[in-house]
Amino acid sequence: QFDKATHDVAAVARRTAGNDRVMVLQGESATRAAVVKAFDSLRTRTKSADSLAVVLIGHGSFDGDTYKFNLPGPDIDGAELKRLLGAVPAKSQLVVNATSASGAVLDALATDGRAVITATRSGFERNATRFAELFAAAIAEGRFAGQIVCRASSSRSASSTMAIITAGSVRG
């Protein structure tokens, strides 16, 4: 269900940031351990002048207290996403959370230098969203590629990195 959106977002990211600057974790390989490892890599590879875009595609859940990005095996919650993003030195960050219930984590992830886009207004919107599909189609057509997917820096030493994480696990 999320393969086409992932492919389209990754293709735009590779065109704008370059192959070596795009990480994609997808399906069964998008485990909590793999996500943490990817963020550890981002933490060591990026500099403060860099830009970072993270796109979460898949299912999210919210129990009235805690948002979780549903992954194969243990999920990752909003507090851990905040900690992982905060450890990456890139001062310009974009997080696109295209999951159901994504609105629950909006305030937790928002901070200076980080723009957060969610597919839902609240955590109580639990149906699978079409946001990833529509977002991917829009950027694939070039409508937002420069501004949203990877914002180019005016500094020659700065670069953009994109992490795309999708998981197909369904939780009730």
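Everything here concerns the structure above.
This is a predicted model, so every value here is computed, not measured.

On to the environment of Thr-99, then. As for its position among the elements, Thr-99 is in the loop between β6 (92-97) and α4 (106-109). Thr-99 sits 20 residues away from Ala-119 along the chain, and the two C-alpha atoms are 6.3 Å apart. In this structure, Thr-99 is in contact with Leu-56, Ile-57, Gly-58, His-59, Gly-60, Tyr-67, Phe-69, Ala-119, Thr-120 and Thr-129, ignoring residues within four places of it in sequence. A distance of 2.7 Å separates a polar atom in the side chain of Thr-99 from a polar atom in the side chain of Tyr-67. Looking at Thr-99, its side chain comes within polar contact range of the side chain of Asn-97, at 2.7 Å.

With that settled, the discussion passes to the packing of helix α1 (residues 3-17) against helix α5 (residues 131-140). Relative orientation and spacing of two packed helices are given, respectively, by the angle between their axes and the distance between those axes. At their nearest, the axes of α1 and α5 sit 8 Å apart, and the two run at 35° to each other. Judged by the twist between their axes, the crossing of α1 over α5 is left-handed. Contacts between α1 and α5 involve Ala-5, Asp-8, Val-9, Val-12 and Arg-15 from the first element and Ala-132, Glu-133, Phe-135, Ala-136, Ile-139 and Ala-140 from the second. Along the lines of polarity and charge, the residues of the contact of α1 with α5 split into 8 nonpolar, no polar and 3 charged.

Bringing the packing of helix α2 (residues 32-45) against helix α3 (residues 78-87) into the picture now. Running from N to C, α2 and α3 cross one another at 25°; their axes reach a closest spacing of 8 Å. Classed by the angle they form, the pair α2 and α3 counts as roughly parallel. When α2 is examined against α3, the residues Arg-32, Val-35, Val-36, Phe-39 and Arg-43 are found in contact with a partner set consisting of Glu-80, Leu-84, Leu-85 and Ala-87. Along the lines of polarity and charge, the residues of the contact of α2 with α3 split into 6 nonpolar, no polar and 3 charged.

Counted at 1.5 Å a residue, the expected span for α1 with its 15 residues is 21 Å, and the 20 Å between its end C-alpha atoms agrees. Of all the positions in α1, only Ala-5, Thr-6, Asp-8, Val-9, Ala-10, Val-12, Ala-13 and Ala-17 are classed as buried. Taken from the residues just after α1, Gly-18 is the one with a positive phi, measuring 100°.

Each value, and the rule that gives it
- Residues numbered from 1 in each chain as written.
- Predicted model: local features only at pLDDT ≥ 70, side-chain atom pairs only at ≥ 80, totals over all residues.
- Heavy atoms only, no water.
- Helix = DSSP H or I, 4+ residues; strand = E, 2+ residues; numbered from the N terminus.
- Contact = heavy atoms within 4.5 Å.
- Polar contact = N/O pair within 3.5 Å; in protein donor to acceptor, adjacent residues only side chain to side chain.
- Axes fitted to C-alpha atoms, helices over the stretch in contact; angles between N-to-C directions.
- Left-handed = near helix turned anticlockwise from the far one by under 90°.
- Nonpolar A, V, L, I, M, F, W, Y, C, P; charged D, E, K, R; others polar.
- Parallel < 35°, antiparallel > 145°, perpendicular 65-115°, else oblique.
- Expected span 1.5 Å × (residues − 1).
- Buried < 20%, exposed > 50% of the residue type's maximum accessible area, 1.4 Å probe, protein only.

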